[in-house]
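# An overview of the molecular structure
Read off the chains here:
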Amino acid sequence: MAASKNAAVVEETVVDVPVKKKTGKDSGVENYEFSYKESKEAKSIDLGHGRTKILVWQLPVRLWHWLNALSIVLLMVTGLYIGNPIFSPVENGNADQFVMGWARIIHFVSAFVFMIGLLVRIYWAFVGNKYTRFSILRKGFWSGLWETIKFYLFLPNKKPHYIGHNPLAQLAYWVIFGGCSILLSLTGLFLFTEPQRGSVLESMFSWIGWLFGGSFTTRSIHHWAAWGVVVFVVLHIYLAIREDYLARNGTMSSIFSGYKIDKKKNQKGETNAKKTK
């Protein structure tokens, strides 16, 4: 009877064990998230049991994310129709059949929402919290990038623990998504103003066509940059679901609430804990 009582009160204990692959300070690879001043620290809520909720994605970032997602969907649907219309053209001036006109209007409005959102996100990359800031020039970013690449290649690595985007994800955002977005914006402005011969708008953006080698090449770049965004979005969704499933840190719900869940010690750069019985 005494033995069963003793067994009933046995609980898991947490023993600190240095795990060099997980923390920037112990591994010699600095986590750039710890290089920001205290004034840039994100809001957190103590959940007890050594766990905490961290405000990773601030409200402007979350609003931008969903407006951006909506505009991308509308741009792709209308863009595909503009490139290859599947409905009959207008007959006898019937406005109800003016599908192409509505497709173009929705495409143009969505494009301007997309471009304005891109400018706002670039601005927030310099003024937001440490998880949403532009960190490519921070100390530890490039060494962390190499260790992250080795981690995904299943090679021995010293990858630090990241709460926000790891260096590889952040670089992909800026180079792939950012690069395609800039190409789409420039070529889109040219295609939008090209038919307006002699107008002020046409004269303002005609240099874009010259830069990319003419109307046909500019249109082709616009087309392939759009598919580049689609490929990025598919990978982004897959990796977000994968991270949420493996880490159990609320990655998917964080883009609604803004909060992720993590161990307190990871916020302080301490060693990870290993559970033993």
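Okay, so let's go over this structure.

Definitions and limits used
Residues numbered from 1 in each chain as written. Predicted model: local features only at pLDDT ≥ 70, side-chain atom pairs only at ≥ 80, totals over all residues. Heavy atoms only, no water. Buried < 20%, exposed > 50% of the residue type's maximum accessible area, 1.4 Å probe, protein only. Helix = DSSP H or I, 4+ residues; strand = E, 2+ residues; numbered from the N terminus. Arc of directions from axis to C-beta. Contact = heavy atoms within 4.5 Å. Axes fitted to C-alpha atoms, helices over the stretch in contact; angles between N-to-C directions. Parallel < 35°, antiparallel > 145°, perpendicular 65-115°, else oblique. Left-handed = near helix turned anticlockwise from the far one by under 90°. Nonpolar A, V, L, I, M, F, W, Y, C, P; charged D, E, K, R; others polar. Salt bridge = Lys/Arg side-chain N within 4 Å of Asp/Glu carboxyl O. Phe/Tyr/Trp six-rings, centres within 6.5 Å; stacked < 30°, edge-to-face > 60°. Lys NZ or Arg CZ within 6 Å of the ring centre and 35° of its normal. Pairing = 2+ DSSP bridges.

### Structural notes on helix α7 (residues 200-211)
All of the buried residues in α7 are Glu 202, Phe 205, Ile 208 and Gly 209. Down the axis, α7 shows its buried residues gathered within 105 degrees of arc, on one side only. Seen from the buried face of α7, the exposed residues on the opposite side, beyond 90 degrees, are Val 200 and Trp 210. In the core, the buried residues of α7 are packed alongside α6 (167-193) and α8 (215-247). Positioned one or two residues after α7, Gly 213 has a phi angle of 90 degrees, which is positive.

### So, the packing of α6 against α7
Between α6 and α7, the least distance of the axes is 8 Å, while the angle of their chain directions is 130 degrees. The angle between α6 and α7 places the two elements in the oblique class. When you trace α6 past α7, the crossing you get is left-handed. Contacts between α6 and α7 involve Leu 186, Thr 187, Leu 189, Phe 190 and Thr 193 on the former and, on the latter, Leu 201, Glu 202, Phe 205, Ser 206, Trp 207, Ile 208 and Gly 209. A class-by-class count of the residues in the contact of α6 with α7 yields seven nonpolar, four polar and one charged.

### Some remarks on the pattern of salt bridges
If you walk through the whole model with that rule in mind, you get three salt bridges. The residue Lys 150 makes a salt bridge to Glu 147 at a minimum N-O spacing of 3.2 Å. In this pair, Lys 150 and Glu 147 are both assigned in helix α5 (residues 141-152), three residues apart and thus about one turn of the helix distant. Note on Lys 150: relative accessible area 16%, which makes it buried. With its nearest N and O atoms 3.7 Å apart, the salt bridge here joins Arg 197 to Glu 202. Judged by its relative accessible area of 61%, Arg 197 is exposed. Accessibility expressed as a relative area gives 16% for Glu 202, which makes it buried.

### Concerning the packing of aromatic side chains
Within this structure, the stated rule accounts for ten aromatic pairs. Measuring from ring centre to ring centre gives 5.2 Å for Phe 141 and Trp 142, while their planes differ by 80 degrees; the resulting arrangement is edge-to-face. Owing to a relative accessible area of 0%, Phe 141 belongs among the buried residues under this scheme. Chaining the aromatic ring pairs together yields one cluster made of Trp 64, Phe 114, Tyr 173, Phe 177 and Phe 232. Sitting above the plane of the Tyr 245 ring, Arg 248 keeps its charged end 4.6 Å from the centroid.

### Here we look at the sheet that holds strand β3 (residues 51-55)
Across the sheet, three strands lie side by side as β2-β3-β4; this open sheet has antiparallel pairing. Strands at the two margins of the open sheet, each flanked by one partner only, are β2 (44-48) and β4 (259-263). Across this sheet, the average inter-strand angle for adjacent strands is 25 degrees, counted without regard to direction. Both β3 and β4 contribute to a ladder of five bridges, which runs antiparallel. Paired with Lys 53 across the two strands is Ile 261, which belongs to β4.

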